[in-house]
Amino acid sequence: MSYHGGSHRRRHHHRDDGDPREAHETPEQKLKATILKLGEVDPVQEVSQIASHICTQPSSITSTVVEGLRIGVTEEPFKIPYYATLLRVLSNNSPTTETESIQGPEFGKQILEEFWKGFQTYLDQLAWREIRLCVQFFSHLVAAQVISSHSMYGLIRAIVVVLDEFGVSHGRARQAVRCASEGLMIAGRAFTSDPNTNISDILDPIRTYVHSASSPKRLVLPVASVLANTEKSEVAYELLDSALEALEAMHRSGFQEALECFPRPYSDAAIDGSPIFDLPSVLVPPEAIELEGISNDSEGVIKKGDWAEFYVRIFDNEVTPNISTPIGYFLRCGLLDIVDIFEVNRKECARLLLEYPKWSLPGTFQGKASEASSGDGKWQLECTVVESILGQLFLLPESTHKTVYYIALVTELCKLSPPTVGPAVGKSIRRMYGLLSDGLDAAVADRLANWFSIHMSNFNFMWVWKEWIGDLSLPQQHPKRVFMRRAVEYEIRLSYYDRIVKTLPEQMQSPDAGVLPPGTPGPSFAYDDPASPYHDAAQNVLNLLRGRGKAEEVMAHLEELKNTLETTDSDQNVTSVIRSIAVQALLHIGSRSFSHFLNAIERYLPLLRNLAAGGISTASGSAVEARNDILSAVLDFWKNNKHMVAIVLDKLMQYQIVDPTDVIAWTFAHASPEVIGVRYHSCSTFQWDLIKGALDKANGRVAIARRKLAGLRKEEDENAARAIASSAATMDIEETKPDPVAESPALTSAVKALTSLTKEQKAALTHAVDGFRRCLVSGEDSASIARRVIEQRDWDNRSNWGDAEWLSWETWSWYLQFCRMYTPYLRNYAASLDTELSAQAEPAESRFQDVLNLAMGQSL
Amino acid sequence: MAHVVPSLDQPSNYKDSQSRMDRLRQQDALSRSSTLYIGNLSFYTTEEQIYELFSKCASPEEGGGIKRIIMGLDRNTRTPCGFCFVEYYTHAEALACLRYISGTKLDERIIRCDLDLGYREGRQFGRGKSGGQVRDEHRSDYDAGRGGWGAQAQRAEIERRREMEERYADAQDGPGAVPVGGGDWKDAGENPLKRARSPDEAEDVSRDVRTKLEDDTQRM
């Protein structure tokens, strides 16, 4: 390579350190890259090539080989059987003695000794995914007769011990079950012939744990959970239940089924002698002890709830393998590991998922539809992949990564192979839509609508809406109707009204069909109509705002207006009218765009603050009522645009005009839909969006305050340590205890802020619980219907349900989501939220309380 | 991760060509930035559409969310010219967009996202000679979402277009032209605008402490 490119180029080159295309790779880097790229053409062939290459290297290459294997095993788990083969080959005695070679049992042992150190580090960090994938690797090495089966048995036993720990968290136990089951499924055949192992000693604790851990499951069932009162459902499979079932099936067959689950390329490699390596014995370290309060303050991280993982079954057993069978479990977990690991690059992830058959046994998947020779394979790849991803997307209370990741991943799959992935997506949508009548959880249904809209937005909004025309005869609040409305609403948000209308069949375009929102999503200024008694008054306010009048001027004007109105119409609540005029006029000048809205409220913050405090130029009157009026004015103004209502409320909280508690209480009281012209006490999806927005705001503020406080404390500690160090250095050995450093003003105010925000957080949660309680058990109008729905007295009669029943059902569903979603926060306030039940509590009331207790981590 | 494949949230070759920061400081600023430059937007895409898509990457429970959106405007005509800035409260949210949103469609166009150094005054306007974005001046194809060849637009788009062209007619220059978006919660005990407390409020929730958001306005 020459460097005659002139000074400019040379400088440029010098600065761009480490361009990967530059040919500066060391032999070590090259070898590592080769190991990681294993299998670009033919993995078996490449394994022997890599092995022969390694054999010619000096023994100092060991650490590079280990590094390559460690990354390969933990980041490309689909290659694990081939990495095991590589190690098998490297451990074999060198076939020739003429050339010097590092190959042989000693070399294999050396590699494993060093690999083990990396595994020990994963164990110390409790990096469970890495631990599990290493366990898979070790198990394959047992099958390949590199590692002794009794030492592998010891490792799995050590992991299973976790299940017997007192008060083990479900998250930790789940990981342990997965590690042990997956290890056993792979190494089980070797165990059966080893008298030093006893498979029951692994299987029994797993069985005991999986069977006993059933209590919190019913809170996270995706379909008709508590209502149906069955934990076993044919439409959803729990991960650990499935693992156990697959394991038992394997056990029954003497682990012969393993031969059909994963490739064992090492079985062809020449094997001489007995296993060369014994895994050392280990202890799984305990979870970091959470000291009450302290760890919370310093980390600012809320530990999320540990829930069972239910996967919705979308396809038949002929199309995709059942996750409760050995092969189904293996494929599902293999695909999900890819989805998880490659979250950083969805495009590569999609490519790898569609290339998965390359890493599974021949005959596992059908050939491509275009290649007519599809009789050989069992399952449809695209359906299996899509079902796996959707299983993650629909996990309750929330998916591991942001839902938009899974959505974007499906989009990438469709872009890679439209003719095969497209139909799988279409079938999935239809299947999920069908479940809407059978108790699909409201949170899952809303995620479905969200996925649908984003997906359609990426594919020209093409959907065969007409197949759902028949469902227009269902009641307005039936989940299928709610879904259609939501899906269309979300599509409109991402696009625009006229565009989406064109995608709908005629029957759905009419306003009476109740699919489209009642009007185009524009603003509705209540005082536009010249016939309105306040038309002129509102125009004056509007003109003042348009002319950028000062906040004080506007306040004075409103005060004057109030006095005038009070003399003319005495029967009206004049203060409410004034608030409505002021807020709507403000929204009006900010109605052109989100930025216009922000500009308008930033310009008139003092005005808004005074309105929110209950007064106009002077504070007086009830602040709660004032804030209710403000919120109602927002809903009134944006009644045709629910998206804007959510945006405006979010910013009103951000600018601290209203508090999260205000929003929650108001939403329950004033934002519910009507049933036969009367407000029905409920929590619709729209209301839930607002409530969730408020709860997240309250929780987010506490999170910020915690982080800030932790930062200040750390700074303070460092200063103190420095002070001690410097005083010790200058003042000899004299026993000078530095004065306890007085708290800085910043620290004091940070503590104060956290206290105040924590109170607000608690108040927000309490308001939400109260709101739900009023809708579901203690309200006057809705409660009798709600009680019947909660007590599932007529779930089987749901085809005769009307809007009220479905609304109550949806409310109950959102209540469940509230409880499971906010478990970590609710737990903190368990003492104050937990209300004792009276002895004669009605069934509905005790169900309500049961769910809350379950969420707060209290056994029933 | 990222040993095997490159992560999509690494900074790309996008940069603010007029920034005077040196490279190291730019890198440092980008590694903490919560602002994104969004390119290849349709001229008719609204802030609300952008808000909807980008809220999918927001983490309000961590104290995040969309702070503000600054629509890129043609310097002369004051109409959108195909780019914008989205500012979040946290860096992690901006990174999530690079991984999950960049390269997907909004308003039927594939948009691109890049980490940005952050909005500075004047950056809301196009830098091309004509007033729009420089890249549009090198374009010779027909692009309905970007104003066709010139003035022709499809009939169905005319209404949408008219609304859009009028929307930002009031766009201003200079300091304070774009909103701040609301800062963190602040406990300003000395705020003169004390809110009266009503008896039915939870008595221990301190409501009389309000933020002085004006401070933020000055800060920007």
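Residues numbered from 1 in each chain as written. Chains lettered and ligands numbered in written order. Predicted model: local features only at pLDDT ≥ 70, side-chain atom pairs only at ≥ 80, totals over all residues. Heavy atoms only, no water.

The name an unreviewed UniProt entry assigns to chain B is Nuclear cap-binding protein subunit 2, from the organism Steccherinum ochraceum. Under the UniProt heading Subcellular location (unreviewed entry), the note attached to chain B is "Nucleus". The Sequence similarities (unreviewed entry) comment attached to chain B in UniProt states, word for word, "Belongs to the RRM NCBP2 family." (UniProt positions renumbered as here; feature names shortened; annotations may be inferred.)

Chain A is annotated in an unreviewed UniProt entry as MIF4G domain-containing protein of Steccherinum ochraceum. Its UniProt record gives chain A a comment under Subcellular location (unreviewed entry), which states: "Nucleus". Looking at chain A in UniProt, the text filed under Sequence similarities (unreviewed entry) is "Belongs to the NCBP1 family."

**What about the overall build of chain A?**
Each helix and strand in chain A was counted, giving 37 helices and four strands. Sequence-distant contacts, at least 24 apart, represent 73% of the contacts inside chain A between residues at least 6 apart. Accessible surface, chain A: about 35,600 Å² in total, of which carbon and sulfur atoms supply 51%. (Helix = DSSP H or I, 4+ residues; strand = E, 2+ residues; numbered from the N terminus. Contact = heavy atoms within 4.5 Å. Areas by Shrake-Rupley, 256 points an atom, 1.4 Å probe, with all protein chains shown as cover.)

**Let's talk about the packing of aromatic side chains**
Residue and element names in this part refer to chain A. Considering all chains together, one arrives at 43 aromatic pairs over all chains under this definition. Look at Phe-137 and Phe-138: their rings are 6.3 Å apart centre to centre, the planes differ by 40°, and that puts the pair in the tilted class. Both residues of the pair, Phe-137 and Phe-138, count as buried. Taking the centre distance of 5.8 Å and the plane angle of 75° together, the rings of Phe-452 and Phe-483 count as edge-to-face. (Phe/Tyr/Trp six-rings, centres within 6.5 Å; stacked < 30°, edge-to-face > 60°. Buried < 20%, exposed > 50% of the residue type's maximum accessible area, 1.4 Å probe, protein only.)

**Concerning the UniProt feature "domain: RRM" (unreviewed entry) in chain B**
The sites that carry the UniProt feature "domain: RRM" (unreviewed entry) are, in the present numbering, residues 34–118 of chain B. Across residues 34–118 of chain B one finds 21% helix and 36% strand; the C-alpha atoms that close the span lie 8 Å apart.

**Some words on empty space enclosed by the protein**
Where empty space is left in the structure can be found by rolling a water-sized probe over the atoms. Residues and elements named next belong to chain A. Following the criterion strictly, the structure yields ten cavities of 30 Å³ or more and no others. One number sums up the size of the largest cavity: a volume of about 290 Å³. What lines the largest cavity is a set of 22 residues, and nearest its centre among them are Pro-77, Gln-136, Phe-330, Gly-334 and Tyr-356. Contributions of two or more residues to the lining of the largest cavity are made by α5 (80–91), α7 (128–143), α9 (170–192) and α14 (326–341). Counting residues per element, the lining of the largest cavity draws most heavily on α14, at seven residues. For the lining of the largest cavity, a count of residues per class yields 15 nonpolar, four polar and three charged. The two domains that each donate at least three residues to the lining of the largest cavity are domain 1 (26–237 + 244–304) and domain 2 (313–459). For the second largest cavity, the calculated volume is near 150 Å³. (1 Å grid on protein atoms, 1.4 Å probe; cavity = no way out; pocket = protein on both sides within 12 Å on 5 of 7 lines; lining within 4 Å. Points joined across faces, edges and corners; volume = space filled by probe spheres on them. Nonpolar A, V, L, I, M, F, W, Y, C, P; charged D, E, K, R; others polar. Domains from an automatic or database assignment.)

**A look at the pattern of salt bridges**
All told, the structure shown has 45 salt bridges over all chains when counted by the stated rule. When the shortest N-O distance is used, the salt bridge between Glu-805 of chain A and Arg-788 of chain A registers 3.0 Å. Here Glu-805 of chain A is found in helix α34 (residues 803–821), whereas its partner Arg-788 of chain A is found in helix α33 (residues 783–790), with 17 residues between them in sequence. Residue Glu-805 of chain A is classed as buried on the basis of its relative accessible area of 14%. The closest approach of N and O atoms between Lys-67 of chain B and Glu-87 of chain B, which form a salt bridge, is 3.9 Å. Of this pair, Lys-67 of chain B sits in strand β2 (residues 66–73) while Glu-87 of chain B sits in strand β3 (residues 80–88), and the two are 20 residues apart along the sequence. Lys-67 of chain B gets classed as buried once you look at its relative accessible area, which sits at 11%. (Salt bridge = Lys/Arg side-chain N within 4 Å of Asp/Glu carboxyl O.)

**So, the pairing of strand β1 (residues 35–39) of chain B**
Residue and element names in this part refer to chain B. Counting buried residues in β1 gives five out of five residues, a clear majority hidden from the surface. Across the two faces of β1 the burial is the same, with Thr-35, Tyr-37 and Gly-39 and Leu-36 and Ile-38 all buried. In terms of strand pairing, β1 meets β3 through four bridges, oriented antiparallel. When the bridges of β3 are listed, Leu-36 appears paired with Val-86. For β1 and strand β6 (residues 112–116), the ladder comprises five bridges, and the chain directions are antiparallel. Residue pairing for β6: Thr-35 is matched across the bridge by Asp-116. (Pairing = 2+ DSSP bridges.)

**Overview of the interface of chain B and chain A**
Note: interface size is frequently given as the accessible area lost on complex formation between the parts. Facing the 75 residues of chain B at the interface are 78 residues of chain A. At the junction of chain B with chain A, the criterion picks out four salt bridges. Sorting the residues of the side of chain B that touches chain A by element identifies α2 (47–54), β2, α3 (91–100), β4 (105–106) and α5 (158–167) of chain B as the ones contributing at least two each. Considering each element in turn, the side of chain B that touches chain A owes the most residues, six residues, to α2 of chain B. Its residues placed into classes, the side of chain B that touches chain A shows 30 nonpolar, 16 polar and 29 charged.

**A word on the nonpolar core**
Among the nonpolar cores identified, the biggest contains 326 residues, and Phe-138 and Phe-818 of chain A together with Phe-54 of chain B are the most heavily contacted of them. Ranked by residue count, the leading element in this core is α34 of chain A, at eleven residues. Apart from residues lying up to four places away in sequence, Phe-818 of chain A is in contact with Trp-688, Leu-695, Leu-765, Ala-768, Val-769, Phe-772 and Leu-826 of chain A. Formed by ten residues, the second largest nonpolar core is a distinct cluster that contains Ala-705, Leu-747, Leu-754 and Leu-757 of chain A. (Core = buried A, V, L, I, M, F, W, Y, C linked by side-chain atoms within 4.5 Å.)

**Things to note about the sheet that holds β6 of chain B**
Residues and elements named next belong to chain B. If you trace the four strands from one edge of the open sheet to the other, you get β2-β3-β1-β6, paired in antiparallel fashion. Taken across any chain shown, the strands that pair with only one partner, and hence form the sheet edges, are β2 and β6. The average angle at which neighbouring strand axes cross in this sheet is 25°, direction not considered. (Axes fitted to C-alpha atoms, helices over the stretch in contact; angles between N-to-C directions.)

**Some remarks on the packing of α9 of chain A against helix α12 (residues 239–252) of chain A**
Residue and element names in this part refer to chain A. Remark: α9 packs on α12, axes separated minimally by 10 Å, with the N-to-C direction vectors making an angle of 25°. By the angle class used here, α9 and α12 are roughly parallel. Crossing of α9 against α12: the hand is left-handed. When α9 is examined against α12, the residues His-170, Arg-174, Val-177, Arg-178, Ser-181, Leu-184 and Met-185 are found in contact with a partner set consisting of Leu-239, Leu-240, Ala-243, Ala-246, Leu-247 and Met-250. Of the residues contributing to the contact of α9 with α12, the split by class is nine nonpolar, two polar and two charged. (Parallel < 35°, antiparallel > 145°, perpendicular 65-115°, else oblique. Left-handed = near helix turned anticlockwise from the far one by under 90°.)

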